[in-house]
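Commentary on secondary and tertiary structure
Read off the chains here:
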Amino acid sequence: MSTRQQVLFLYLATSAMDTPVIAWSSYDGAGDGPTPPVVSDPTPPYATGVDALRDGWRLIQASAMHRALPGHERDVDFLLHEFIFERLVG
Amino acid sequence: MPLAYEGTDLLTTAEMAQFVAQGFLSFESVVPEEINEAAIAEFAPTGVFDLLRAKPDSGAPLAQIYPDPSPIGAMLRLPRVQGIIESLVGLDAVYDHDWVHVRAPHDTVDQHLHQDAIIDLTRAFDIQMFWYPRAVETHSGGTGFIPGSHLRKVNEFEIARYQNFCGQKDFVGPAGSLVVFHQGMWHRGRANHTDDERWAYKIRLNPTTPQVRRWNLEDYDAVHGTPSDHIFATYDPATAANMFRTPEPWFEAAASRLETVNRARLWRYLTGDQAFDADWYLTRTGGRERIDGTVG
């Protein structure tokens, strides 16, 4: 079987990778289960982003830090600190 | 015209503040069993094809929809339900739409997370009331939602990428329970891993007049507190300000303070008190804005 990609999105409490995971998503290119794989009583897969690195996940993207749009400095919308990881499985 | 509810059917100030902080309230076993079962009997012929069920026109006054005999009308006219609606959007609200949501046994698909309708710019808000005419057990498809997400400005399924949050909830409760969402609540239909159908009826109501202090005000002074309630100075842990500074487990560290500010702004709208504050954020910046004319 060819190499498949597993993708893990971790949303952290700050822009630092050693701060807590507050939300997460995963997509498994090697699996065949239903998506999205939502769990009922969620416990984060890792405590922090650094813990994911130490378990072998490779960071492929981190959110850029943008200045807020004028007039919208106090708006809240999407999660700001998104870190995307991958793991390749055979 | 006599009121359709008693004062005790209205929400308290503490409940209203909780709604502002978290975007939802839940009420167990409000609807009697005979109305619940009548609803199932009425919903069953159309099931998931709810578009085929006879409905009111959007914009119809709440007082005129689903006249007797109707299990939906009977639910809406319960004194407790009237009190909840009066507190949040007023009994002069109008019908937006409703829908019967059925989750078949062993439907293992979780809906993507979303806000309903479109991105909203107003502080005035609609409510979405969910009625569960049958008990909802764990893993049986109770509506999933993210407490505290209601003030985030996103557009419908743009948030579908997000799967799991610290602090997320799935509704679980006895037959006849109600859950009321602020229009902005992030939510989703959940998979049903049981052998039983999961039934939910959702109705969206639009206010037509300001939603200012319509609830039971007996606890107003104690809960409303004073603008000086400030966690780094002096504060009262029993006030609305304390609810507004309490973060959800998924709030980012810095955005948590913006959530406090946005909750305080919504409380100003609901109370009509433009001096209200939690942790001095609006007062501090407002004072400087008046000095130099900056609008922030």
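Residues numbered from 1 in each chain as written. Chains lettered and ligands numbered in written order. Predicted model: local features only at pLDDT ≥ 70, side-chain atom pairs only at ≥ 80, totals over all residues.

**So, the overall build of chain B**
Within chain B one finds eight helices and nine strands. Over its C-alpha atoms chain B spans a radius of gyration of 20 Å, differing by no more than 12% from the 19 Å that the globule rule assigns to 296 residues. Along the three orthogonal principal directions, the C-alpha set of chain B runs to about 65 × 50 × 30 Å. Counting only residues that meet the buried cut, chain B has 43% of its 296 residues in that class. For chain B, contacts bridging at least 24 residues in sequence account for 84% of all contacts bridging at least 6. (Helix = DSSP H or I, 4+ residues; strand = E, 2+ residues; numbered from the N terminus. Rg over C-alpha atoms; globule rule 2.2 N^0.38 Å. Buried ≥ 20, exposed ≤ 12 C-beta atoms within 10 Å, placed from the backbone. Contact = placed C-beta atoms within 7 Å.)

**Considering the sheet that holds strand β6 (residues 169-170) of chain B**
Residues and elements named next belong to chain B. Strand order in this open sheet of three strands is β6-β4-β8, and the pairing throughout is antiparallel. The open sheet has two edge strands with one neighbour each: β6 and β8 (187-188). Sheet topology places strand β4 (residues 144-145) next to β6; two bridges connect them, and they run antiparallel. Bridge pairing in β6 links Phe145 to Lys169. (Pairing = 2+ DSSP bridges.)

**Concerning the interface of chain A and chain B**
If you look at the interface, chain A gives 24 residues, while chain B gives 27 residues. When residues of the side of chain A that touches chain B are assigned to their parent elements, the largest contribution, four residues, is made by strand β2 (residues 21-28) of chain A. The residue inventory of the side of chain A that touches chain B, partitioned by class, reads 16 nonpolar, four polar and four charged. As judged from the two bridges shared by β2 of chain A and strand β5 (residues 164-165) of chain B, these two strands associate in the antiparallel manner. Bridge pairing in β5 of chain B places Trp24 of chain A opposite Asn164 of chain B. (Nonpolar A, V, L, I, M, F, W, Y, C, P; charged D, E, K, R; others polar.)

**Details of the nonpolar core**
If you look at the biggest cluster of nonpolar residues, it comprises 83 residues, and the most contacted ones within it are Leu10 of chain A together with Trp131, Val180 and Trp267 of chain B. Counting residues domain by domain, this core receives three or more from each of domain 1 (7-206) and domain 2 (225-292) of chain B. Ignoring anything within four residues of it in the chain, the contact list for Val180 of chain B reads Phe24, Leu25, Ile84, Leu88, Ile127 and Met129 of chain B. (Core = buried A, V, L, I, M, F, W, Y, C linked by C-beta atoms within 7 Å. Domains from an automatic or database assignment.)

**Brief notes about the environment of Gly83 of chain B**
All names here are of chain B. In this structure, Gly83 sits in helix α4 (residues 79-88). On the basis of neighbour counts, which here come to 23 C-beta atoms within 10 Å, the residue Gly83 falls in the buried class. In this structure, the C-alpha to C-alpha distance between Gly83 and Asp107, residues 24 residues apart in sequence, is 35 Å. In this structure, Gly83 is in contact with Tyr5, Asp9 and Leu10, ignoring residues within four places of it in sequence.

**What to know about helix α8 (residues 281-292) of chain B**
Residue and element names in this part refer to chain B. An ideal rise of 1.5 Å per residue puts 16 Å on 12 residues; α8 measures up with 17 Å between its terminal C-alpha atoms. Counting buried positions over the 12 residues of α8 gives one, only a small fraction of the element. Immediately downstream of α8, the backbone of Gly293 shows phi near 85 degrees, a positive value. (Expected span 1.5 Å × (residues − 1).)

**Quick notes on the pairing of strand β4 (residues 82-89) of chain A**
All names here are of chain A. Relative to β4, strand β1 (residues 4-12) runs antiparallel, the two sharing eight bridges. Across the sheet, Arg4 pairs through a bridge with Val89, a residue of β4. Two elements, strand β3 (residues 58-62) and β4, share four bridges in a ladder whose sense is antiparallel. By the bridge assignment, Leu59 is partnered in β4 with Phe85.

**With respect to the domain arrangement of chain B**
All names here are of chain B. What the domain assignment lists for chain B is domain 1 (7-206) and domain 2 (225-292). Here the C-alpha centroids of domain 1 and domain 2 sit 29 Å apart. Counting from both sides, the interface comprises 12 residues of domain 1 and, opposite them, 16 residues of domain 2. Per-element accounting of the side of domain 1 that touches domain 2 gives the leading share, five residues, to helix α1 (residues 13-22). Residue composition of the side of domain 1 that touches domain 2, by class: eight nonpolar, three polar and one charged.

**A closer look at unusual backbone geometry**
Residues and elements named next belong to chain B. Geometrically, the link from Asp68 to Pro69 is a cis peptide bond, its omega value of -5 degrees lying close to zero. With respect to the secondary-structure elements, Pro69 resides in the loop between α2 (33-43) and α3 (71-76). At Glu156, a residue that is not glycine, the phi angle is positive and equals roughly 45 degrees. Positionally, Glu156 belongs in the loop between β4 and β5. On the basis of neighbour counts, which here come to 13 C-beta atoms within 10 Å, the residue Glu156 falls in the partly exposed class. Phi at Asp279 takes a positive value of approximately 65 degrees, unusual for a residue other than glycine.

**Considerations on the confidence of the model for chain B**
The predicted structure's coordinates, where accompanied by low pLDDT, should not be read in detail. In this model, chain B carries a mean pLDDT of 95, and residues with pLDDT of at least 70 account for 98%. Confidence metrics for the complex model read pTM 0.95 and ipTM 0.94. (pLDDT = per-residue confidence, 0-100.)

**Here's the deal with the packing of α1 of chain B against helix α7 (residues 255-271) of chain B**
Residues and elements named next belong to chain B. Relative to each other, α1 and α7 sit at 140 degrees, their axes nearing to 9 Å. Taken together, α1 and α7 sit at an angle that is classed as oblique. Considering the relative orientation of α1 and α7, their crossing is right-handed. Where α1 approaches α7, its residues Met16, Ala17, Val20 and Ala21 are matched on the opposing element by Arg263, Leu266, Trp267 and Leu270. (Axes fitted to C-alpha atoms, helices over the stretch in contact; angles between N-to-C directions. Parallel < 35°, antiparallel > 145°, perpendicular 65-115°, else oblique. Left-handed = near helix turned anticlockwise from the far one by under 90°.)

**Describing the environment of Glu86 of chain A**
Residue and element names in this part refer to chain A. Along the chain, the position of Glu86 falls in strand β4. Residue classification places Glu86 among the partly exposed residues on the basis of 14 C-beta atoms within 10 Å. For Glu86, the contacting residues outside a window of four places in its chain are Gln5, Gln6, Val7, Arg58 and Ile60.

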